[in-house]
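# Observations on the model geometry
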Amino acid sequence: MNLWEVFVDSEKELLGDAELELTIRTLNPGIHKFTYKRVRCQVSADTKQHADQLQVRLGRGQLSKNRYSIKVLGEVQRMPAKYL
Amino acid sequence: MAAPRSNREFIEACIKSGDAVRIKQEVDWENEAGAIVRRACELEAAAPFMEKIKDYPGFSYFGAPLSTYRRVAISMGMDPESTLPEIGREYLKRTNGEPIAPVVIDRKDAPCKENILKGADVDLCKLPVPLVHEGDGGRYVGTWHAVVTRHPVRGDVNWGMYRQMMWDSRTMSGAVFPFSDLGKALSSFYLPRGETCPFATAIGLSPLAAMAACAPSPIPEPELTGMLAGEPVRLVKCETSDLEVPADAEIILEGEIFPDYQVEEGPFGEYTGYRTSPRDFRVTFRVNCITYRNIATMTISNMGVPQDEGQLLRSFSLGLELEKLLKSQGIPVTGVYMHPRSTHHMMIVGVKPTYSGVAQQIGQLAFGSKLGPWFHMVMVVDDKIDIFNWDEVYHAFCTRCHPANDIHIYRNSPGTSLNPFASPHERKYSIGSKVVFDCLWPTDWDPVNEVPTLVSFKNVYPQDIQDKVTGNWTAYGYPPVK
Ligand SMILES: Cc1cc2nc3c(=O)[nH]c(=O)nc-3n(C[C@H](O)[C@H](O)[C@H](O)COP(=O)(O)O)c2cc1C
């Protein structure tokens, strides 16, 4: 089980069945904690739907009391190929 | 006493004078270190030197380096007991002299090259990058540092303190405001040409190099550091670019700024005492090389409510640089002071009011200058008011500033996205508004019959009565006055 965190302006952005593209950060313990990835994923308000868990922060860093589950489908590379 | 040449010499001097404490127990990089620094700032306590960091053996932290005037005095090699006007006069004396050019030393003599990470070894997470405040958008690598760049056409060097958040092991994103030197170089040259901009971030600088990096002075920062220190600053060439960095810095990150790729940055606790600027796509830095000293110390400024160096040091240098500017234009100013608790938003200017409109002239010059985006209130008082004494300034403001005639508002001027009072639209586009509070008696009033007389102990009683009353004060039964 991995623990992830996302910043959104509204939790409505996470609802619905569609596949989402999100910038999430890992909360797994260790020196890489809080580093980001851009991913394709599915998010569910049912914390048992997916193995990985997601917590949410709002516009100015406020932690939402709601928890979600998340399935990371793959990493998205936004950086232009010339820099890779 | 010589000014400390490095962060290490500065820590030693602060410990000796009681202005820093050595924390030997292990401290967590996630929140705990930040919370210690924050509390020290709010209590105006000694700076914490944290020698043991969880997960990061061989590294230490030094927090709140210049958040008290005592430590500012120590950084300049002055007695920590020096008063603010004394420190200010010394800053003006040193920075009005001849620029002192830096010297470039051999890399084998540069402490910052003791450890070098390149290629696949580059990982910012190998450094103890702190989570400064709970709820921040990320761990901040750069909170007390200098981003070193060179102007692509003019060739002059810029050291600027622009916050940098770690996005992943090799990527940082930061708030480089559009009106800053780096912001202008990026928008005028690198972005239109689609070229990457080489940069180096130096962390754990000598306190005077850090002071120069956040001073709004037109003098290039390496020369300004030399002037402040009274001797040349030692630089060394980078591993991966032609840039030169302070050789005694604790940690150096080298890399490139992308012209056409940005990642999210923020939110972050800011000098206004709030998290105001929104999370947004901001200037993005790719790190290609990390060099650092053995037992490197990472410096942390924790911005929030007063007082930290974001307010104290910036108020100090913004006020003094404005004083230089106003004097250079022949305006009869007697002093300029920014109270750190105004979060460097209010300039208090003392002036000999020998002609009408001088308050507006001061305001327009101040707001129209390079310093202007950083404050939005100018309060002008006459030379009889002690600008360092808020009680006197506040009394003048509340009694002399005519609500209909003496408050002058300017709209649509440069501001910052950090202004808590600004609307979301104004924040996004760095739009500001400004106000001048003219607390001078109008020059067309008859000074004898129309200007009110200040009724105070010092102003209305003859000197012999004042001396008698002060001399007898304890005899009257009062405790002594400090
Ligand atoms: C702790 C601290 C953090 C700062 N962070 C930023 C920042 O993120 N972005 C910015 O443009 N200026 C920031 N500043 C202000 C700049 O350092 C300052 O304006 C400096 O003069 C560099 O700007 P310049 O290159 O325009 O001269 C900060 C200052 C301090 C003391």
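Attention shifts here to the domain arrangement of chain B. Residue and element names in this part refer to chain B. You can read the domains of chain B as domain 1 (7-300) and domain 2 (329-451). Inter-centroid distance (C-alpha atoms) of domain 1 to domain 2 is 31 Å. When the two sides are added together, the surface that domain 1 and domain 2 hide from each other amounts to roughly 1700 Å², 68% of it contributed by carbon and sulfur. Considering only the side of domain 1, the residues that lose the most area to domain 2 are F177, F179 and Y271, jointly responsible for 39% of the buried surface there. Between the two partners, domain 1 and domain 2, sit three salt bridges. For the salt bridge of D280 with K428, the shortest nitrogen-to-oxygen distance reads 3.5 Å.

Right, let's get into the sheet that holds strand 4 (residues 103-104) of chain B. Sheets are built from strands paired through backbone hydrogen bonds, the pairs being either parallel or antiparallel. Taken together, the three strands give an open sheet; going across it, the order is 4-12-13 (chain B), and neighbouring strands pair in mixed fashion. Every interior strand has two partners, whereas the edge strands, strand 4 and strand 13 (244-246) of chain B, have only one.

Residues and elements named next belong to chain B. Tracing the chain through its elements places N459 in helix 12 (residues 457-460). With relative accessibility at 44%, the residue N459 sits in the partly exposed group. Ignoring any residue separated from it by four or fewer positions in sequence, one finds N459 in contact with T453 and L454. Side-chain polar atoms of N459 contact the backbone oxygen of L454, separated by 2.9 Å.

On to the site of the ligand. Residues and elements named next belong to chain B. In the neighbourhood of the ligand, 18 residues make up the surrounding shell, with Y162, R163, A175, D181 and K370 lying closest. Taking Y162, its side chain carries an N or O atom lying 2.5 Å from an oxygen atom of the ligand. At a separation of 3.5 Å, an oxygen atom of the ligand approaches a polar side-chain atom of R314. Its residues assigned to classes, the shell around the ligand comprises 10 nonpolar, four polar and four charged.

Rules behind the numbers
Residues numbered from 1 in each chain as written. Chains lettered and ligands numbered in written order. Predicted model: local features only at pLDDT ≥ 70, side-chain atom pairs only at ≥ 80, totals over all residues. Heavy atoms only, no water. Domains from an automatic or database assignment. Buried area = accessible area lost by both parts, 1.4 Å probe. Salt bridge = Lys/Arg side-chain N within 4 Å of Asp/Glu carboxyl O. Pairing = 2+ DSSP bridges. Helix = DSSP H or I, 4+ residues; strand = E, 2+ residues; numbered from the N terminus. Buried < 20%, exposed > 50% of the residue type's maximum accessible area, 1.4 Å probe, protein only. Contact = heavy atoms within 4.5 Å. Polar contact = N/O pair within 3.5 Å; in protein donor to acceptor, adjacent residues only side chain to side chain. Near = heavy atom within 4 Å. Nonpolar A, V, L, I, M, F, W, Y, C, P; charged D, E, K, R; others polar.

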